[in-house]
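# Descriptive structure summary
Letter by letter, the chains look like this.
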Amino acid sequence: MRLIHHAFVATFLAFAGIGGAMADITVGAVLSLTGPAASLGIPEQKTLQLLPKEIAGQKIRYVVLDDRSDPTEAVKDAKQLIESDKVSAIIGASITPSALAMLDVVGTAKVPTITLASGYNVAFPVSGNREWVFMPVQTTALMARATVQYMAAQGVRKVAFIGFDNALGEDWWKNFSAEARASKIDIVADERFAPNATAVTGQVLHIIASQPDAVLIAASGTPAVLPEKTLRQIGFKGRIYQTHGVANPDFLRVCGDACDGTLLSLSPGIVAAQLPEGSEIKQSAMRFAQTYEKAYGPNSLNQFSTAAWDAGLFLEYAIPKALKMASPDDLVGFRKALQQALAGIRNLPGSQGVYNMSATNHNGLDERAVAIAEIQKGGWKLLKYPN
Amino acid sequence: MTFDIALYLGQNGVTLAAIYGLLAFALVLVFAVTRVIFIPQGEIMTFGALSLVAMRAGHPPLLVWLLVGLGIVAWFQDGLAILRTGRKRRLLHAGAINLGAPLLLLLLVYSLPLPTMAYSQQIAIVLAMCAVFGPLLYRVVYAPAAKASVLTLLLLSVALHIALNSLGLLLFGPEGSQLPAFTDGSFQLGGMPVSLQSLWIIGSSIILLAALFLFFRFSLYGKALRATAVNRTGAQLMGISPVFAGRAAFLLAGIVGAWSGILIATTTVIDYEAGFVIGLKGFVAAIIGGLASYPTAAAGALLVGLTESFASFWASAYKDVIVFLLIIPVLLWRSMASGQHDEEES
């Protein structure tokens, strides 16, 4: 795997045209290119390849390291990027455990870091190490609220929950159950399944026995197909909700017709073409969608790419501002300037929402970062935006 | 819990058990003949299933290149041994043995119109690939250390598992996939819909296990394998080559592994690293059989499948915990029942 990751690095160096002017800006990335989270890291890495190679006349050099979905590796990678690659900023990590593990390293070295992980504690509360962390990803709370509100509007009174038996499932359970209580929706079943489960018949029978109006499947990627198919096989007639964790083409490929009619809250960037013309993010979302689809083919948009793309937008926004305050040759000063520029982001439309950073919020997304969509004929059909 | 639900869970448990049973069989066979605890059985499963997925999607199954690579390494290993004896003419012969089948498969895979072929023919090609895969793994990884301790062989298995896991990501990508059922549809049995696919799974497993039983009982090769399992040195004195026995055991493990992988991919989503946990459950079943008895391992598989199914109903968050906890009382009971024994024997 080391070999592959060197190959990736080599590709990036080639892309970035190594050997340019001395004062290049180096941006490091820690992504999960192998291991269980590879299906996150790989589309993110594909997106980074599309990011600008030059910003405000400065060559940008990208160095991508693989953390093998392992927090220990992520820490090592971050140290390597900071100490030997002299990066001005870091993008990553892909997953919450890695991002949390890196906090100490990037905070101590004072390197602005744009995380792609969705864990709330990666970026909140903004103090200490977290002052250096920015998060262009919808929090689970935001997505859960949108999902619950849509459920309530659809007249759902009793809902069953089935989620991964890991941190992702737990995070969703916490947020979703709180939101559901607030909206007076009864949760009649709470079930868990392993990402690599061979069957979920037991859980599904339990759910059906509790007679819910709708079921929420809180999982990510292709493993989320299993509960959906099993529910339909055993004869569940109500609505099935998924989360934005499944907003990638592979989920559609594996689930096929079985997932028609599934509802989910997702990043509006994935349905860029269907967004209303007047919306603030139409233009920025279309720019992402067109660039990405041109490089990787139609219907290749996915949740993880939108976040990585917006990480690139952050840099495009902040680097020109930072250059006015410090030269990239003065690494410490430039990192600080970059951090201030990032913290100063106001009304920046990205591929998946409008960003407004503040002293207490380095995520900056609001309900304009959530679209409600339905799966129809193997594609995403926008139902409601802004939510 | 109503009777209906129990029936459903029972059916689901038996379907799972059929797959775990196949895995347990392969693990017991490989351990009995070669003393290898074959952790990568799970990878053979996923490689088989994902190769079939790739074929059906119109991509050449890259597994075949791995086979060619392994064949070259095996030839190299044989070549070194041959050069030491000085009989250079045998080099070509060794090349044909090690590389013949992989190259033939390579030719087949790239010349046949794979995506348009019948499902059964595609499956046959996958089974053939895994039938070559197993023995090559044995030749390259285990045969050079055939006389080492069980612990060394176990560590080799762990290393091979990690290597194959990474290769799996490279060959098949990170995303999961599913295979279509052999036959769509279902019928009513006692008021419960039974899918035809679960009949396929249970039926084919029983037939395969029965065929293997007959093979071991009545055929000369089967008897040779059993003899090696009972006493390696004794069998060698009777003219049964342990290398041959090892290759034969891995050949069967390869075919059974690929078949179980294809079966499970028709019921669930399989990605490149799904094999490990499924393989471990087969391993629990094999342990219940003491890594020696096929019928007890089959019973163990039934226990694992049913436990998993019912546990997923009552306490889904702890399902895997409950399944793997089974192994503790079993180990206690087995070690008390069998008393002292030397692990290097058998």
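Keep in mind the model is a prediction, meaning the values are calculated, not measured.

### A word on the pairing of strand S2 (residues 192-195) of chain B
Residues and elements named next belong to chain B. When strand S1 (residues 186-189) meets S2, the two strands line up antiparallel, connected through four bridges. Bridged to glutamine 188 within S2 is proline 193. Counted between consecutive antiparallel strands, the loop separating S1 from S2 contains two residues, among which glycine 190 sits at a positive phi close to 60 degrees.

### What to know about the interface of chain A and chain B
Counting residues at the interface gives 30 residues for chain A and 29 residues for chain B. Counting residues per element, the ones that place at least two in the side of chain A that touches chain B are helix H2 (38-48), strand S8 (186-193), helix H8 (201-209), helix H9 (225-234) and helix H10 (249-255) of chain A. Top contributing element to the side of chain A that touches chain B by residue count: H8(A), with six residues. Residues that form the side of chain A that touches chain B fall into these classes: 16 nonpolar, ten polar and four charged.

### Looking at the domain arrangement of chain A
Residues and elements named next belong to chain A. Here chain A is described as being made up of domain 1 (2-138 + 289-367) and domain 2 (140-266). Here domain 1 and domain 2 have C-alpha centroids that lie 31 Å from each other. With eleven residues of domain 1 at the interface, the matching set in domain 2 holds twelve residues. In terms of residue class, the side of domain 1 that touches domain 2 is built from two nonpolar, eight polar and one charged.

### Some words on the sheet that holds strand S10 (residues 239-242) of chain A
All names here are of chain A. Strands sit in the order S8-S7-S9-S10-S11-S14-S15 across an open sheet of seven strands; the sheet is mixed. Looking at the sheet topology across the chains shown, the edges are occupied by S8 and strand S15 (379-384). With strand direction ignored, the average angle separating the axes of adjacent strands in the sheet is 25 degrees. Relative to S10, strand S9 (residues 214-218) runs parallel, the two sharing three bridges. Bridge pairing in S10 places alanine 214 opposite arginine 239. Set on the sheet, H8 makes contact with strand S7 (158-164), S8 and S9; between it and S8 the angle comes to about 175 degrees. Sheet strands in contact with H9 are S7, S8, S9 and S10, and its direction is about 155 degrees off that of S9.

### With respect to the sheet that holds strand S5 (residues 113-114) of chain A
All names here are of chain A. Pairing is mixed across the open sheet formed by six strands, whose spatial order is S2-S3-S1-S4-S5-S6. Each edge of the open sheet is held by one strand with a lone partner, namely strand S2 (54-55) and strand S6 (133-134). Sheet topology note: the S2/strand S3 (residues 58-66) ladder contains two bridges and is antiparallel. Note on S3: the bridge partner recorded for isoleucine 55 is glutamine 58. The strands that H2 touches are strand S1 (25-31), S3 and strand S4 (89-92); relative to S1, the one it contacts most, it runs at about 165 degrees.

### Overview of helix H13 (residues 331-343) of chain A
All names here are of chain A. With 13 residues, H13 should reach 18 Å at 1.5 Å per residue; the first-to-last C-alpha distance of 18 Å fits that figure. Of all the positions in H13, only Phe334, Arg335, Ala337, Leu338, Gln339, Ala341 and Leu342 are classed as buried. Residues of H13 that are buried in the fold lie against S4, S6 and helix H12 (303-325).

### Looking at helix H1 (residues 3-34) of chain B
All names here are of chain B. Taking 1.5 Å as the rise per residue, H1 with 32 residues should run 46 Å; its terminal C-alpha atoms sit 45 Å apart, in good agreement. With respect to burial, H1 is a largely interior element, 24 of its 32 residues being buried. Where H1 terminates, the next one or two residues include arginine 35, which has phi positive at roughly 65 degrees.

Quick notes on the rules
Residues numbered from 1 in each chain as written. Chains lettered and ligands numbered in written order. Predicted model: local features only at pLDDT ≥ 70, side-chain atom pairs only at ≥ 80, totals over all residues. Pairing = 2+ DSSP bridges. Helix = DSSP H or I, 4+ residues; strand = E, 2+ residues; numbered from the N terminus. Contact = placed C-beta atoms within 7 Å. Nonpolar A, V, L, I, M, F, W, Y, C, P; charged D, E, K, R; others polar. Domains from an automatic or database assignment. Axes fitted to C-alpha atoms, helices over the stretch in contact; angles between N-to-C directions. Expected span 1.5 Å × (residues − 1). Buried ≥ 20, exposed ≤ 12 C-beta atoms within 10 Å, placed from the backbone.

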